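Tertiary structure, described
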Amino acid sequence: MKIPKHLAIIMDGNGRWAEQHHRPRVYGHVKGTRVAKNIIQECSRLGVKYLTLYAFSTENWMRPQAEVAFLMKILRRYLKKETQNLIKENIRFTVIGEIKRLPADVASSVSAAMVATEKCNGLNLVFAISYGSKQEITNTVKLLAEKIAAGEMTADQIDESTIQSHLSTAGTPDPDLILRTSGEQRLSNFLLWQAAYSEFYFTNQLWPDFTVADLKTAFEDFGNRQRRFGKVAHKNEITLN
Ligand code: IPE
Ligand code: IPE
Ligand code: MG
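All values reported here derive from a predicted model rather than from experimental measurement. (Residues numbered from 1 in each chain as written. Chains lettered and ligands numbered in written order. Predicted model: local features only at pLDDT ≥ 70, side-chain atom pairs only at ≥ 80, totals over all residues. Heavy atoms only, no water.)

1. Focus on unusual backbone geometry
- Phi at His22 is positive, roughly 55°, even though this residue is not glycine.
- Note on placement: His22 falls in the loop between α1 (14–20) and α2 (25–46).
- The class of His22 is exposed, set by a relative accessible area of 74%.
- Phi at Ser130 takes a positive value of approximately 50°, unusual for a residue other than glycine.
- Mapped onto the elements, Ser130 comes out in strand β4 (residues 124–131).
- Given a relative accessible area of 0%, Ser130 falls into the buried group. (Helix = DSSP H or I, 4+ residues; strand = E, 2+ residues; numbered from the N terminus. Buried < 20%, exposed > 50% of the residue type's maximum accessible area, 1.4 Å probe, protein only.)

2. Some details on the sheet that holds strand β2 (residues 50–57)
- Read across the open sheet, the 6 strands follow the order β3-β4-β2-β1-β5-β6; overall the sheet is parallel. With partners counted over all chains shown, the strands left at the sheet margins are β3 (92–96) and β6 (199–202), one partner each. Within this sheet the neighbouring strands show an average axis-to-axis angle of 20°, counted without direction.
- As defined by bridge partners, β3 adjoins β4 across 5 bridges and the pair is classed as parallel. Pairing of Val95 across the sheet is with Phe127, part of β4. (Pairing = 2+ DSSP bridges. Axes fitted to C-alpha atoms, helices over the stretch in contact; angles between N-to-C directions.)

3. Some thoughts on the site of ligand 2
- Within the structure, ligand 2 sits among Ile10, Met11, Asp12, Tyr54, Ala55, Phe56, Asn60, Arg63, Arg180, Arg186 and Ser188.
- At 2.6 Å from an oxygen atom of ligand 2 is found a side-chain nitrogen or oxygen belonging to Ser188.
- Relative to its unbound accessible surface of 390 Å², ligand 2 loses 78% to contact with the protein.
- Comparing atom positions with the cavity grids shows ligand 2 to sit within the largest pocket.
- Among the elements that take part in the shell around ligand 2, β2 stands out by supplying 3 residues, more than any other. (Near = heavy atom within 4 Å. Polar contact = N/O pair within 3.5 Å; in protein donor to acceptor, adjacent residues only side chain to side chain. Areas by Shrake-Rupley, 256 points an atom, 1.4 Å probe, with all protein chains shown as cover. 1 Å grid on protein atoms, 1.4 Å probe; cavity = no way out; pocket = protein on both sides within 12 Å on 5 of 7 lines; lining within 4 Å. Sits in = over half its atoms within 2 Å of the grid points.)

4. Here we look at the pattern of salt bridges
- This structure, assessed with the given rule, holds 15 salt bridges.
- Arg16 is the partner of Asp12 in a salt bridge, and the nearest nitrogen-oxygen pair spans 3.4 Å.
- On the accessibility criterion, Arg16 (34% relative accessible area) is partly exposed.
- Connected via shared salt-bridge partners are Asp12, Arg16, Arg180, Glu184 and Arg186. (Salt bridge = Lys/Arg side-chain N within 4 Å of Asp/Glu carboxyl O.)

As structure tokens, then:
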């Protein structure tokens, strides 16, 4: 089993899980939150250094208002109940996404949790909330254009690292493994730039059914991958006849 330094998870399938159990969709979100807590704890225990959880996408704002409100309620409750545990477990909590779009009290709870766990140096837990990768990249382009217009830099000075350091994930290594539950095999606007050389792991299991054992299975699979980053694995002698 190989532990990725940065694991990113697209926690998908809550609604379908609820449907399977003849319950309203929101019931799936409640169960999914419990699973998230277990997985966070296990990642912390296993020594994962960065865990990014896709909790709410920019596009998820287009869901029925009642579901959005319920998801905000879950987030509010999570932050209130879990911040002390995060500190106890030495987990640093941060967020990527458009925090300004969140209800004011949720946005301030997010900031409070970030401040409260600032000094923790175990697992870095990143919640992607109201996050969209295209929006993130658009913001980065705007920011750089403004700097150029202000004469702070020239277009020539832009390289990959300039872009990397202006994304909301600045300072975080790119994900080694991106895991998605529910059988969908797409990124849904998640970490498009950052996923350039990530390994992908898709499972048909719905997020509320996902277990610690499943996480370990994913890590086993990850351990068997050969990451080449465009290079060759072995420098074989090339003989030209
Ligand atoms: C993932 O589960 C949670 C969020 C997107 C907030 P879904 O709510 O997308 O569940 P499905 O995909 O409809 O089953
Ligand atoms: C992606 O799931 C977002 C989260 C898991 C938070 P969606 O359910 O929103 O993605 P699509 O619509 O199936 O692509
Ligand atoms: Mg979904």
